[in-house]
Amino acid sequence: MAWPTAEVARMSGVTARTLRHYDEIGLLPPAWIGTNGHRYYEEAELLRLQQILVLRALGLGLPEIGKVLASQVDEVDALRGHHRRLLAERDRLDALAGTVARTITELEHSRRGGRPMTINRPENLFEGIQPAQYQATLQDFPELAGAIERHTATMSEAQVEAGRRERTAQMIRLAELMAAGTPADAEPVQAEIDAQYQALSELLAVSAEEYRALGRACVENEPWRAAYESIAPGLAAYQRDAIEAYATTRLS
């Protein structure tokens, strides 16, 4: 039995664009291509896609996934390995849930006491969070994911850590502006968004609509939303609105 790209996209939640990208880089070729040019996938390809998505969810980049799949011989052994990784991921998520729960408790206490909103700091914000996990959430932005992977591959561990801390600092600065009641389209907020956009443009040319899509993902993509909300409730929507204002006034 074979399924066309549209049906595979519906079943898996992966976009047709991403499936085409996986084909282009040799990670997931279709079983065959019809005379109409449409790609068709059979059970072996669906199983391979399942493995790709599991490894993406575990934070592996596409080059690493290709190496893992190329080295596999027995499917059952491969699934056992994935199962072990999933159990480890479960433990990580338990730690993350504990971090978010503590944040909720701290915010509730500050509000009951009439104190200003408490914003978490980097030293306790990312307990249970591995930055590589967010790479897996870029499956709807394959070109950006590839650009980030290529850029990260040229960096030392110290440079990667410095970049992570700067991104965290940007999120905290936005949270402080939000807590102060600064509108999302105000100049201080737009300056932060401009810095983000300029850093992104060094990796990949991004149109106004593509930048808007990334902004919407801050709210619609659960891991991204959770990262923002763990700093301050409402920050994900604030970032989205700020990006929308930036795209409208500076990129359109």
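It should be noted that the structure appears before, not after, this text.
This structure is a prediction, so every number in the text was calculated from the model and none was measured. (Residues numbered from 1 in each chain as written. Predicted model: local features only at pLDDT ≥ 70, side-chain atom pairs only at ≥ 80, totals over all residues. Heavy atoms only, no water.)

Undergrad: Explanation requested: the overall build of the protein in the structure shown.
TA: When its secondary structure is counted, the protein shows 13 helices and 3 strands. Each of the 252 residues in the protein was classed as buried or not, and the buried ones make up 42%. When contacts within the protein are restricted to residue pairs at least 6 apart in sequence, those whose partners lie at least 24 apart make up 65%. Only carbon and sulfur atoms are counted for the fraction: they give 55% of the accessible area of the protein, which is about 13,600 Å². (Helix = DSSP H or I, 4+ residues; strand = E, 2+ residues; numbered from the N terminus. Buried < 20%, exposed > 50% of the residue type's maximum accessible area, 1.4 Å probe, protein only. Contact = heavy atoms within 4.5 Å. Areas by Shrake-Rupley, 256 points an atom, 1.4 Å probe, with all protein chains shown as cover.)

Undergrad: What's the story with the nonpolar core in this structure? I'm lost.
TA: Within soluble globular proteins, side chains that are nonpolar tend to cluster in buried spots. By size, the foremost hydrophobic cluster in this structure holds 30 residues, and its most contacted members are Ile193, Tyr211, Leu235 and Tyr238. Listing elements by their share of this core, those giving two or more residues are α9 (157-179), α10 (187-201), α11 (208-220), α12 (222-229) and α13 (235-251). Discounting chain neighbours no more than four positions away, the residues touching Tyr211 are Ile193, Gln196, Tyr197, Leu200, Val206, Ile243, Tyr246 and Leu251. Membership of the second largest hydrophobic core comes to 17 residues, among which are Val14, Tyr22, Leu60 and Ile65. (Core = buried A, V, L, I, M, F, W, Y, C linked by side-chain atoms within 4.5 Å.)

Undergrad: Please clarify how the sheet that holds strand β1 (residues 3-4) should be interpreted in this entry.
TA: Sheet strands pair via backbone hydrogen bonds, and the direction of the pair is either parallel or antiparallel. Reading across from one edge, β1-β3-β2 is the order of the 3 strands in this open sheet, with antiparallel pairing throughout. Looking at which strands have only one partner, the edges of the open sheet turn out to be β1 and β2 (32-33). (Pairing = 2+ DSSP bridges.)

Undergrad: What is the right way to look at the environment of Met1 in this model?
TA: Residue placement: Met1 occurs in the segment before β1. On the basis of relative accessible area, Met1 is assigned to the exposed category, the value being 74%. For the pair formed by Met1 and Glu42, sequence separation is 41 residues and the distance between their alpha carbons is 6.0 Å. Non-local contacts of Met1, meaning those with residues more than four positions away in its chain, are made with Tyr41, Glu42 and Glu43.

Undergrad: Looking at this structure, how should I read α9?
TA: An ideal rise of 1.5 Å per residue puts 33 Å on 23 residues; α9 measures up with 33 Å between its terminal C-alpha atoms. Phi turns positive one or two residues past the end of α9, at Gly181, with a value near 85°. (Expected span 1.5 Å × (residues − 1).)

Undergrad: Any chance you could explain the environment of Arg10 here in plain terms?
TA: Among the structural elements, Arg10 can be located in helix α1 (residues 5-12). By relative accessible area, which is 57% here, Arg10 ends up exposed. A polar atom in the side chain of Arg10 sits 2.5 Å from the side chain of Glu7. (Polar contact = N/O pair within 3.5 Å; in protein donor to acceptor, adjacent residues only side chain to side chain.)

Undergrad: Looking at this model, I keep getting lost on helix α3 (residues 43-57). Mind explaining?
TA: Because an α-helix completes one turn every 3.6 residues, residues spaced three or four positions apart along the sequence face the same direction. Its 15 residues place the ends of α3 21 Å apart at the C-alpha level, agreeing with the 21 Å of an ideal helix rising 1.5 Å per residue. Taken residue by residue, α3 has Glu45, Leu49, Gln51, Ile52, Val54, Leu55 and Arg56 as its buried positions.

Undergrad: How do you make sense of the side chain of Gln190 when you look at a structure like this?
TA: Inspection of the secondary structure assignment puts Gln190 in helix α10. In this structure Gln190 comes out as buried when scored by relative accessible area, which is 3%. Once residues within four sequence positions are removed from consideration, Gln190 is found in contact with Ala184, Asp185, Ala242, Ala245, Tyr246, Thr249 and Arg250.

Undergrad: Help me out: how do you make sense of the pattern of salt bridges in this one?
TA: When their charged atoms lie close together, side chains carrying opposite charge are able to pair. Under the definition given, this model contains 9 salt bridges. A salt bridge links Arg39 to Asp23, with the nearest nitrogen and oxygen atoms 2.7 Å apart. Within this pair, whereas Arg39 is found in strand β3 (residues 39-41), its partner Asp23 is found in helix α2 (residues 16-24), the two being separated by 16 residues in sequence. On the basis of relative accessibility, which here comes to 19%, the residue Arg39 falls in the buried class. Beyond isolated ion pairs, a larger network of salt bridges with shared partners links Glu209, Arg212, Arg216 and Glu244. (Salt bridge = Lys/Arg side-chain N within 4 Å of Asp/Glu carboxyl O.)

Undergrad: Would you mind showing me how to read the packing of aromatic side chains here?
TA: Aromatic ring pairs: the centre-centre distance and the angle between the two ring planes describe each pair. Inspection of the entire model under this criterion finds 4 aromatic pairs. With a centroid separation of 4.4 Å and 15° between ring planes, the pair formed by Trp32 and Tyr40 is classed as stacked. Judged by relative accessible area, which is 39%, Trp32 ranks as partly exposed. Each member of the aromatic cluster is reached from another via a ring pair, and the members are Tyr197, Tyr211 and Tyr246. (Phe/Tyr/Trp six-rings, centres within 6.5 Å; stacked < 30°, edge-to-face > 60°.)

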